[in-house]
Every structure is written in C-alpha cells, then in structure tokens.
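# Coordinate analysis (summary)
Take a look at the letters that make up each chain.
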Amino acid sequence: MKKLSLLGLVVLLSACQSMHPAPKASLDGEVFYLQRIALPPTATLSVTLQDVSLMDAPAVVLDEQKGQIKGQVPLPFHLNYDPAQVKPGHRYAVSARIEVDGKLLFITTEHNAVQLDGKDPQPLKIRVDAVR
C-alpha cells in the first residue's frame, strides 16, 4: 500500500511540474537594412538565435522566428529561449535573412553576439545586407 501511495505522489508531482514550464527568457529587436527600397508583400523574415561555439559542427538553434513581413523596416522580432540551455563558456549569436519566393534578398554579414545573461541591450539592432 505504501508503494502505491508513493507512486501516486510521484505521478502527482510530475503533473504539477509539467503544468509549470521551465522559465523562459527573451530577446527583442529589429532587423533593418540601409538600402532605400521597399520590400514586396511576399517577403519573409527569418531570425535565429544560435549557439555558435563549435567551429566544426552546425550551430545549435535555440529559437527561430519565421514569417511573412508586415510593413517595412525596421522589422520587429521576438525570440524566446530557456536559460537552462545557456552554457558557460559558449558563444551565442543572432542572425537574420529576408527572402522573396525562396530567393535570398538580404542576410546578416556581421557576427551579432549576445551574452544571454539578461544584460543584452534591447531592442537588438540586426543589420542585413543585400545579396548580389
């Protein structure tokens, strides 16, 4: 009987934990470019938060925002991440790209480092450059 009660208690505690998801942190910012041109209505924006620590392995994506662009630059974005995923000594960066019908128009060409320690300046300003 004690084992059954203990098992019930474990199940109940597990259910309570799943009702309270891990705390989330976020980065807010805007993507911009210097060219004085308007984006077509079919343009899409993709902004990614990545762990870029390993040089010989693909970056690990912590969060990504993708979708059709509403309006013109600056383009707002919001990224969520789990602070438990942030590892001491690792490097993190935000990158962005703008596409139209699958064709790349703009992309980040500079490294946009973030610390993910709660002290990153917000809103982040992410510049993208035209692809030639």
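Described below are features of the structure shown in this document. This is a predicted model, so every value here is computed, not measured. (Residues numbered from 1 in each chain as written. Predicted model: local features only at pLDDT ≥ 70, side-chain atom pairs only at ≥ 80, totals over all residues. Heavy atoms only, no water.)

## Thoughts on the pairing of strand S1 (residues 25-32)
- Across the two faces of S1 the burial differs, with Ala-25, Leu-27, Gly-29 and Val-31 buried and Ser-26, Asp-28, Glu-30 and Phe-32 not buried at all.
- By the bridge criterion, 7 bridges tie S1 to strand S4 (residues 75-81) in an arrangement that is antiparallel. Bridge assignment links Ser-26 to a residue of S4, and that residue is Asn-80.
- Strand direction decides the pairing type here: S1 and strand S8 (residues 124-127), joined by 4 bridges, are parallel. Counterpart to Glu-30 in the pairing with S8 is Lys-125. (Buried < 20%, exposed > 50% of the residue type's maximum accessible area, 1.4 Å probe, protein only. Helix = DSSP H or I, 4+ residues; strand = E, 2+ residues; numbered from the N terminus. Pairing = 2+ DSSP bridges.)

## Re the side chain of Asn-112
- Residue placement: Asn-112 occurs in the loop between strand S6 (103-107) and strand S7 (113-114).
- Reaching out from Asn-112, the side chain makes a polar contact with the backbone oxygen of Glu-110 at a distance of 3.1 Å.
- Ignoring any residue separated from it by four or fewer positions in sequence, one finds Asn-112 in contact with Tyr-92, Ala-93, Val-94, Lys-125 and Ile-126. (Polar contact = N/O pair within 3.5 Å; in protein donor to acceptor, adjacent residues only side chain to side chain. Contact = heavy atoms within 4.5 Å.)

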